[in-house]
Amino acid sequence: MKLSRGLTLRILAVALLVGGVSATLGFLESVNAQRDVLTAWLADRWRDGLREEVGAACLRDPSGFAQRDGNNLHFEALDVRTGRSANPATAPEDPDLLRDLGDVPERRGGPRARLVTFVRGVGSGPCSAIRITLRVPDEVRAAAIEHVAVAVLSIVLAAALFVWSIVVAPLRRRIARVRSAAWSVGADDYRNQEEHARDELGDVARAIAAAHRRIERDRDALVESHRALERFLEDIAHDLRTPLTSMRLALEELDDLELPPEADEVLRAAIHDAVYASSLTDNLKLASRLEHGPDPLAAETVFDMTELAERVALRERGFARRSGMRLETRLPDRAVEVSADALMVEQAITNLVQNAIIHGEEGGRVEIELRADAGGFVWEVADDGPGVPPEAIPRLGERAFRSDEARARNPDGSGLGLAIASEVCDRFGWTLSFAGRAPRGLRATIRGATSARGTTNVSSSPSMRTV
């Protein structure tokens, strides 16, 4: 992970500022050192005879004394008691600055642009103090500036490198670890290496760790509550299945009797409700199983899809007939074996068939067809009912989705049946798709692979039979 650019730039700016201040202080110290060297050089010249030469010249003409030694040294005479010069062109000096002067030049103030030193002169009159101004030659000044610039740049870079290696780089790594821990809060791979650090970042890391523990506790509580609810729904579905099945069988037996037309209409509606309630309880139970992913104790088995299709058609044909519709089935005349959970697959196919019957129209037809070849199998469940608008087809199979037309024809239902069928297909690597039919109706198609054992004796053009 990378540290944010803004923080990096701010840290580098501080490092450069620290380096600049250090370089400035070093520069000032270097200037002072150079002044000390020049003062010592001047003292050597003063002791080597320059003192006598300058003193004699001052005594000859104090009022006009202002001597130069080339272009670099300038000598001026002052009265040590008053700080004034007998030469009116010479600037006065503070007498306190001239007290206790020695026999060699020493710095006691003056402008910083030049080296100004003072030394004891001759006698106690107008030549008793000598002010010496040393101007540094241009070539020497340029060389000094160049060396100082190199030194300043080196100090700045060295300070930046030092701050980067000692402060920035470790801080970047620590912040990256804290940020990584923050991004993984609540995840199974959560790690927090800074939790035990005794500084501000450690405080942040401990706050993140506390948040992670709270999220874990809340997550465990939610998971347990969710599982309890699913167990409750599964128990209810299991308890309701038997009485609902008995009620459906009893209603179908009543439908075989001679009843008045008004009673027949009520009975048909009751059969619809019983089928819906029975299917809903089965779907709730299956939804609970699908919610937790594959069950490691429930191994997939190889079963015959043709036999399953016959069983579904036999069970739902009476429901279709009592709804005023025909259920037609075309199946291969051989076994089509697949590896899956037979109960899940049967519920998924049942959902598709019941959906076609419930949303069809009296006098219509529902078609079930199972085909197989060397590549796999194809299930098709089609009806000639009103269908659904094209824009709603992509959402079929989503939980709790029902088109407006379906709600208008039949307000009951939650859309769970198609969602269960879609999730079952996903579980076994199959595909479920929906498409409109011309001139009207809806077709649901499942495609998947057969088991290796189920494709050994498949002919290129298998015969079909109508059930």
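Before reading further, recall that the structure is shown in the block above.
A quick note: this is a predicted structure, and the numbers were derived from the prediction, not measured.

**A word on the overall build of the chain**
Then step 1. Along its length, the chain carries eight helices and 13 strands.
Then step 2. Out of the 467 residues belonging to the chain, those deemed buried represent 39%.
Then step 3. At a minimum sequence separation of 6, the contacts of the chain that also span at least 24 residues come to 66%.
Then step 4. For the chain, the exposed surface amounts to about 26100 Å²; the carbon and sulfur share of it is 56%.

**Examining the state of the cysteines**
Then step 1. Applying the stated criterion across every chain yields a total of one disulfide.
Then step 2. One disulfide in the model links Cys58 with Cys127; its S-S distance is 1.8 Å. Its S-S torsion of about -90° marks the bond between Cys58 and Cys127 as left-handed, since a negative value means left-handed. Highlighted residues: Cys58 in helix α1 (residues 5-60) and Cys127 in the loop between β4 (115-120) and β5 (129-134), separated in sequence by 69 residues.
Then step 3. On the basis of relative accessibility, which here comes to 0%, the residue Cys58 falls in the buried class.
Then step 4. When its relative accessible area of 2% is taken as the criterion, Cys127 is described as buried.

**Description of the sheet that holds strand β3 (residues 106-107)**
Then step 1. Spatial ordering of the open sheet is given by β1-β2-β5-β4-β3, a layout of five strands whose pairing is antiparallel. Looking at which strands have only one partner, the edges of the open sheet turn out to be β1 (67-69) and β3.
Then step 2. Alignment of β4 against β5, held across six bridges, turns out to be antiparallel. Its bridge partner lying in β5, Thr117 is registered against Ile132.

**A word on empty space enclosed by the protein**
Then step 1. A full pass over the atoms with the stated rule returns one cavity of 30 Å³ or more.
Then step 2. Computed from the structure, the largest cavity encloses a volume of approximately 70 Å³.
Then step 3. Leu352, Asn355, Ala356, Val381, Asp383, Leu418, Phe434, Leu442 and Ala444 are the residues that line the largest cavity.
Then step 4. Of all the elements, helix α6 (residues 342-358) adds the most residues to the lining of the largest cavity, at three residues.
Then step 5. Looking at the lining of the largest cavity residue by residue, the classes come out as seven nonpolar, one polar and one charged.

**Details of a nonpolar patch on the surface**
Then step 1. Taken together, the side chains of Leu229, Phe232, Leu233 and Ile236 make up a nonpolar region of the molecular surface, amounting to roughly 340 Å² of accessible area.
Then step 2. Within the fold, Phe232 resides in helix α3 (residues 200-255).

**Looking at the pattern of salt bridges**
Then step 1. According to the stated counting rule, one finds 19 salt bridges in the structure shown.
Then step 2. For Asp96, the salt bridge is made with Arg99, and the minimal N-O distance between the two is 2.3 Å.
Then step 3. Close ionic contact of Arg315 with Glu316 constitutes a salt bridge, the shortest N to O distance being 3.4 Å.
Then step 4. Taken together, the shared-partner salt bridges in this structure form one network comprising Glu307, Arg311, Arg315, Glu316 and Glu346.

Reading guide: rules and limits
- Residues numbered from 1 in each chain as written.
- Predicted model: local features only at pLDDT ≥ 70, side-chain atom pairs only at ≥ 80, totals over all residues.
- Heavy atoms only, no water.
- Helix = DSSP H or I, 4+ residues; strand = E, 2+ residues; numbered from the N terminus.
- Buried < 20%, exposed > 50% of the residue type's maximum accessible area, 1.4 Å probe, protein only.
- Contact = heavy atoms within 4.5 Å.
- Areas by Shrake-Rupley, 256 points an atom, 1.4 Å probe, with all protein chains shown as cover.
- Disulfide = S-S within 2.5 Å.
- Pairing = 2+ DSSP bridges.
- 1 Å grid on protein atoms, 1.4 Å probe; cavity = no way out; pocket = protein on both sides within 12 Å on 5 of 7 lines; lining within 4 Å.
- Points joined across faces, edges and corners; volume = space filled by probe spheres on them.
- Nonpolar A, V, L, I, M, F, W, Y, C, P; charged D, E, K, R; others polar.
- Patch = residues over 30% accessible without salt bridge, like charges linked within 9 Å, V, L, I, M, F, W, Y side chains within 5 Å.
- Salt bridge = Lys/Arg side-chain N within 4 Å of Asp/Glu carboxyl O.

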